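Chain and residue survey
Residue-level listing of the chains:
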Amino acid sequence: MNFENLKQQMIRFLKNEVESIGLQKVVVGISGGLDSAIVSVLCKEVFGDKMLGVFMPSHLSSDASIDDAKELCEKFNIKYEIVPIAPMVKGYFDNIDNPTPLRVGNFSARMRMAVLYDISARENALVVGTSNRSEILLGYGTLYGDTACAINPIGQLYKSDAFEFAKYLGVPDSIINKKPSADLWEGQSDEEELGYSYKTMDDVLKQLIDQNIPKEKLINDGVEKELVEMLEYRVKANGFKGRLPKIANIKF
């Protein structure tokens, strides 16, 4: 993979899209994870001090997430501010009995996006998304939460390819080497939840989606049946997350 070509395509995309809307500034939610680090580095190169990073820790976020986010911003001289979302999340769930971690996690993701959009209004800036292709295909994101954005430069980049791209961009090793996690609750791990590594899933997704290889052929060629069927199901079941809400076609 030609990472310099990939980088330049993403840079042109960011520059052209923001200019076409008539804005000059962007806002990025920085989690301390790989994807937001890649987007932050790209946006810093394109927009300089007109790019603002926002950390939005909750009471369930790990300390390492903030430390890693700060390390990234210090290395690339990225402006940032910290807006804790714990008071918002606790204010809602303090009156609810036994909420599941998934409910708390989804609500937290939506609170973060609410904060980002408010700051974007304050700054007259555009919210830049950080979801990769693997997450988008698998529906591994919160609708109107971390999937919400105005533009997304890495939406066609598979997660397994993002690690090498991040190295090329100079993202700190502390971010590259950690286990992928949305950090929505303590100890949460993307790959443990999904049951497979991103590399394993991406290898099959590239064949199933990008190359249109039938699932029967993949299974006959030795790919685990449960893996293929899980991926196929998730892609179909979560496809609605990548579309605008469907509006009834009413005839008057």
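What comes next concerns the included structure. Being a predicted model, the structure only gives us computed values, none of them experimental.

Brief notes about the pairing of strand S3 (residues 79-82)
Here strand S2 (residues 51-55) pairs with S3 via four bridges, running parallel. Of the residues in S3, the one forming a bridge with leucine 52 is lysine 79. Tracing the backbone out of S2, into helix H3 (residues 63-76) and back to the parallel element S3 gives a crossover that is right-handed.

Focus: the nonpolar core
Ranked by size, the top nonpolar core spans 39 residues in total, and within it Ile30, Ile38 and Cys43 carry the most contacts. Only helix H1 (3-21), strand S1 (25-29), helix H2 (34-47), S2, H3, helix H7 (159-169) and helix H8 (173-176) provide two or more residues apiece to this core. No other element matches the eight residues that H2 contributes to this core. In this structure, cysteine 43 is in contact with Leu14, Val26, Val28, Gly48, Met51 and Val128, ignoring residues within four places of it in sequence. Counting 18 residues, the second-largest nonpolar core is a separate cluster that includes Val27, Val54, Phe107 and Ile119.

Overview of the side chain of lysine 44
If you trace the backbone, lysine 44 turns up in helix H2. At 3.2 Å, the side chain of lysine 44 and the side chain of aspartate 49 are in polar contact. Among the polar contacts listed, one links the side chain of lysine 44 to the backbone oxygen of asparagine 77, at a separation of 2.9 Å. The residues touching lysine 44, leaving out its near neighbours within four places in the chain, are Asp49, Met51, Phe76, Asn77 and Ile78.

Some words on the packing of helix H4 (residues 86-93) against helix H5 (residues 101-123)
In a pair of packed helices, the angle between the axes and the distance between the axes together describe the arrangement. Contact geometry for H4 and H5: axes closest at 10 Å, N-to-C directions at 135°. The orientation of H4 with respect to H5, classified from their angle, is oblique. For the pair H4 and H5, the sense of crossing is right-handed. Residue-level contacts link Met88, Val89, Tyr92 and Phe93 of H4 to Arg103, Val104, Phe107, Ser108, Met111 and Val115 of H5. Along the lines of polarity and charge, the residues of the contact of H4 with H5 split into eight nonpolar, one polar and one charged.

Quick notes on the packing of aromatic side chains
According to the stated counting rule, one finds six aromatic pairs in the structure shown. Consider the rings of phenylalanine 3 and tyrosine 168, whose centres lie 5.9 Å apart with planes at 35°: the pair is tilted. With a gap of 165 residues between them, phenylalanine 3 in helix H1 and tyrosine 168 in helix H7 connect regions that are remote in the sequence. We classify phenylalanine 3 as buried; its relative accessible area is 18%. Overall, the relative accessible area of 39% leaves tyrosine 168 in the partly exposed class.

Description of the packing of H1 against H7
Two elements in contact, H1 and H7, have axes whose closest approach is 10 Å; the angle formed by their N-to-C orientations is 85°. Accordingly, the angle class assigned to the pair H1 and H7 is roughly perpendicular. Across from Phe3, Glu4, Leu6, Lys7 and Met10 in H1, the residues of H7 making contact are Asp161, Glu164, Phe165, Tyr168 and Leu169. Considered class by class, the residues forming the contact of H1 with H7 number six nonpolar, no polar and four charged.

How each quantity is defined
Residues numbered from 1 in each chain as written. Predicted model: local features only at pLDDT ≥ 70, side-chain atom pairs only at ≥ 80, totals over all residues. Heavy atoms only, no water. Pairing = 2+ DSSP bridges. Helix = DSSP H or I, 4+ residues; strand = E, 2+ residues; numbered from the N terminus. Right-handed = clockwise from strand over helix to strand, strands pointing away. Core = buried A, V, L, I, M, F, W, Y, C linked by side-chain atoms within 4.5 Å. Buried < 20%, exposed > 50% of the residue type's maximum accessible area, 1.4 Å probe, protein only. Contact = heavy atoms within 4.5 Å. Polar contact = N/O pair within 3.5 Å; in protein donor to acceptor, adjacent residues only side chain to side chain. Axes fitted to C-alpha atoms, helices over the stretch in contact; angles between N-to-C directions. Parallel < 35°, antiparallel > 145°, perpendicular 65-115°, else oblique. Left-handed = near helix turned anticlockwise from the far one by under 90°. Nonpolar A, V, L, I, M, F, W, Y, C, P; charged D, E, K, R; others polar. Phe/Tyr/Trp six-rings, centres within 6.5 Å; stacked < 30°, edge-to-face > 60°.

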